[in-house]
Amino acid sequence: MASSGLAVLCLLLLQTGALGFGILPGDSLNHLEITEMALLDMTVQVCRSLTQAEGGSFTTPSQPFTTEAVAVACNSPKSSKTFREAIRFIILNNVRVDLRYAFNASFHFDDEMFIEGRRIITEGISAVKASNKRGNFETARRELGQILHPLQDFYSHSIWVELGYKTPNANLIRAGTSIGNIADVSRATCRNCDGDDCRNNILEDILQEKILTSGYFGIVPLVSEKPEGKCSHGGSVDQTSGIEPKGGINKDSLDASHGHLHTEAANLAIAATKQLLEDIRGAAGDTDFLQMMGISKGSSKALCFVIDTTSSMSDDIEAVRNVTTALINSKIGTEDEPAAYILVPFNDPEFGPLIRTTDPNLFKNIINSLKPEGGGDTEEMSLSGLQLALTGAPRSSEIFLFTDAAAKDKHLKSTVIALIERTKTVVNFMLTEALGLRRRRQASRSQQGKRMATSDIQLYKDVALASGGQLIEVSKSQLSEATSIIIESSSSSLVTLLQAARSPGKADTFTFIVDDSVTNLVIYITGHNLTVTLQSPSGTTQESTDQTGSLIASSKSVGNFQTLQLNKQVGQWEIQMVSTNPYTVKVIGQSGIDFLFDFVEESKGLFTGFDVLDTRPRAGVNATLLLSITGSDSATVTEVALVESSGSEVVNGTIESRGGGDFLVQVDKMPSAEFVVRVKGQSSGSTSKASTTFQRQSSTNFRPSSITITADSNSVLVPGTPFSVPFSVTISGTGGNFTIRATNDQGFDSTFPTSLILANESNANSTVTLSAPLNTPSGSDVTLTIEAEAPGATDTNYVVLRISIVNTVTDFTSPVCEQLSLQANCSGDCSLSMWDLSVRVSDGADGTGVDRVSLRQGNGTINTTKAVGTSGENVTLVSYHASCCSPNVELVVVDEVGNVGTCFYNNRGTTTVSPSSDNVTPAALSAATKTTHSSLLCLSMVIVIMQILGHLCIK
């Protein structure tokens, strides 16, 4: 079954289907469907648990689940876009494994590479848990997508199903355990298939002794190696399947070699995916797990400030304090409450650190504690601070940068723009005293300093324009008003209807369409000496300076910045702009209907498919976009165009609908200059059933490049160990000496070539080496941007990599619970009696220590206290107090590296703990489970007998 949001992504799978579950939607299940079904199912479970824990009632959405329906059920309808974006990102990274690691058997559990495949999974789980713990959710999603692919392939490529197992192999996600009795390299495992019938090609002794094996895979005839007597993967591409024993064992689709077991393998893959997600959920906690999935109770965006803290900024900082306090207070408890609050201070020569919190009161205290001081010249590290914010804030956030100084780190301009393009983040510059005489650092308040050069202001303008943000030039006394205007319209459901710039200025006319779903319609204008005339769909006109017309509800103007709040009319509007000075115009509103998109490129090599670009699209050639409409099940797309940001060029795309709001868009030729993506379509109105036309644009500006730069890094960086990132630069035009820059947001030491000499139509390879200090916290990440610039700076391109930093994990044992006491007097009316539980939680002498104890089930109160055990180890004492009407409690205990244990108690004395993660075979694990059940039954009987005897003795 193909659920909503999957169809177009299926094009990203390998067209041959040789290395994973099936390709296109149909009777067979594929990686995309398996992953999305598990993610949606687990999200529903977590939301149900949270809702019930808060005393609410949860309504399960109808099957099949969609992102929109699940977001509504989770009481987070405004998170539907970021939820879908998170699932899409995880799926695309799952697919990327097939595209980039097609011949690495470890990523597919081929060639009996069980130990190596399990290592990829368990190391990835450690990275996901560490990233979630530090709030680096995007990095966690990327790692999660990559490890889900081999986990799912295990059930299709091994004979786990043929051995008769009906549940997932839990030890695939536990390091230091046995995943089964793996066949020796010299042991035969298969015989020839009977023609096309491979049902009985696994040897009887392998099945009887439950020996674990997987198929061998190779694509080069006569060169592909397969040990004598071993099974093949099978299929038309696998050349080993023609070597005796002939045939295969994969269950990738219903018509595969073992296709008769495809459904069982796919269902086990879904169950295994949910099992892994449950482990990650336990380590993260329910709220952070939902954040990883792009769901939050309020807005999914962060409120992010980058602030110059030098001496001349005292007035600015005071204005930020006032605006921040008012904004936070107005958003608390509403659906627009930010998911996180971020602050990055900068001056000279310092910048950072990035401070991130979800506590609004703490953030207000942090802002209030800022003290302007220092500074010795006229330039500051503004772009370094912005770079840190762009890599630390969630995608599609909005950043406000406050300064009265030029950028000292101008060399970071292209890096910052690259990060803006990759994160689709809006950056607004609040520039004070930009054109006036400025009070500088070590001068007295009455002394006058230098004015900011026009080129310095232009740098900020270029960055703001690239992001779809504003550059607002005001006096210090006007800053509070300007900031209030632009922040008051912040919303998690903000959409862009129109965006354009003209530099130099000229008379021009712009149109935009307002649909029935849009509310809070606002026009942002920057520039000087402008004449602005509006025309509504009904033909009524009004000048922006006219206070008596019917189109403009209110207007505000400060510095070079003007806003017009419009009275809503559905249909096509027109804006006439007249000025010889540069200007920008942007129309925004609030609506649930929006779109997601990525540029993709067809992969080169034997296996064809599409991969999402981490770089700029190629100039002068055709291009492909993957596009999804969010917030509407009925919306259809009628036009997708790439529109020049500062000119009139429009390149229309050819649209192919894939159902479920997904579209594949082909563009014959990329625009020659910066452009935005514009989408038009039809959707049912919110106040009527009639269909209305909608229009949306990307805020981010994009630009093509004739340079192609590629790099890949999917392993984790270990502090203290050099980390190499190979990269390649390819040009389609004239060669020369190309400048190379490699920057990272953590300031880690790095080595790389500063230039590469390329001939015409050629490529060159090199390497960047990074080193993280030994004290770098596990779960941190580093964003590496590698840039290649053509001679004369006529063209540039980049690749952006986000790399996980994880210290080597040696603790694989879950914390354990020990009941100290249980007191219950629960006879009669349960509402009149209480019960108390005391538990000691420890992580063992060699463990990393208990990090967190939380309630998964139970309506009582829990208190924890750190203590020292009898053997000197650190322990956590847990006390639980509850009404007898809430008889059960489940504790989730997590250690410092994310090992999870669960302990269940009830007021009748029954105790259950999670299975040990010591070395056990799957068969032994099953037997241990039976023994545990028997022991618990025996223990329960003993407790009951003792309670009866005690009761008799008291009598």
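For the structure itself, look to the data block above.
Trainee: Would you mind going over the state of the cysteines in detail, with residue names and values included?
Mentor: In the structure shown here, the tally under the stated rule is six disulfides. Shown here is the disulfide that connects Cys-817 with Cys-903, its sulfur atoms set 1.9 Å apart. Around the S-S axis, the bridge from Cys-817 to Cys-903 shows a dihedral of about 80 degrees and counts as right-handed. A residue pair is termed long-range when its members are at least 10 positions apart, and Cys-817 in strand E36 (residues 816–824) and Cys-903 in strand E42 (residues 900–906) qualify at 86 residues. In this model, Cys-826 is linked to Cys-884 through a disulfide, with the two sulfur atoms separated by 1.9 Å. Residues Cys-826 and Cys-884 are joined by a disulfide whose S-S torsion is about -65 degrees; by sign, that bridge is left-handed. Of this pair, Cys-826 sits in the loop between E36 and strand E37 (834–842) while Cys-884 sits in the loop between strand E40 (874–883) and strand E41 (888–895); the two residues are 58 residues apart in sequence, bridging distant segments of the chain.

Trainee: Got a sec to walk through unusual backbone geometry? Specific residues and values, please.
Mentor: Note the cis peptide between Glu-244 and Pro-245, where omega equals -5 degrees. By the element assignment, Pro-245 lies in the loop between strand E2 (211–212) and helix H7 (262–284). Residue Pro-504 is reached from Ser-503 by a cis peptide bond, and omega for that bond is 5 degrees. Inspection of the secondary structure assignment puts Pro-504 in the loop between strand E11 (494–502) and strand E12 (508–514).

Trainee: Talk me through helix H5 (residues 137–157); I want residue IDs and the actual numbers.
Mentor: Between the first and last C-alpha of H5 there are 30 Å, a value that for 21 residues agrees with the 30 Å anticipated at 1.5 Å per step. In terms of residue burial, H5 counts as a mostly covered element, since 21 of its 21 residues are buried.

Trainee: Would you mind going over the sheet that holds strand E29 (residues 723–731) in detail, with residue names and values included?
Mentor: If you trace the four strands from one edge of the open sheet to the other, you get E28-E29-E33-E31, paired in antiparallel fashion. Two strands lie at the open edges of the sheet, namely strand E28 (707–711) and strand E31 (749–751), each paired on one side alone. With strand direction ignored, the average angle separating the axes of adjacent strands in the sheet is 25 degrees. Note: E31 against strand E33 (residues 763–771), three bridges, orientation antiparallel. Looking at the pairing, Ser-750 lines up with Leu-770 of E33.

Trainee: Can you break down the nonpolar core residue by residue, with the values?
Mentor: Counting 69 residues, the largest nonpolar core has Leu-144, Tyr-155, Leu-276, Phe-289 and Met-292 as its most contacted members. Mapped by element, the contributors of at least two residues to this core are helix H1 (31–53), helix H2 (67–73), helix H3 (80–100), helix H4 (114–133), H5, E2, H7 and helix H8 (286–292). Residue contributions to this core peak at 11 residues, all from H1. In contact with Leu-144, other than residues within four places in its own chain, are Ile-90, Val-128, Leu-276, Leu-277, Ile-280 and Met-292. Grouped together as the second largest cluster of nonpolar side chains are 36 residues, Ala-302, Ala-389, Ile-417 and Val-427 included.

The rules behind the values
- Residues numbered from 1 in each chain as written.
- Predicted model: local features only at pLDDT ≥ 70, side-chain atom pairs only at ≥ 80, totals over all residues.
- Heavy atoms only, no water.
- Disulfide = S-S within 2.5 Å.
- Helix = DSSP H or I, 4+ residues; strand = E, 2+ residues; numbered from the N terminus.
- Expected span 1.5 Å × (residues − 1).
- Buried < 20%, exposed > 50% of the residue type's maximum accessible area, 1.4 Å probe, protein only.
- Pairing = 2+ DSSP bridges.
- Axes fitted to C-alpha atoms, helices over the stretch in contact; angles between N-to-C directions.
- Core = buried A, V, L, I, M, F, W, Y, C linked by side-chain atoms within 4.5 Å.
- Contact = heavy atoms within 4.5 Å.

Shape descriptors only; they carry no functional weight alone.
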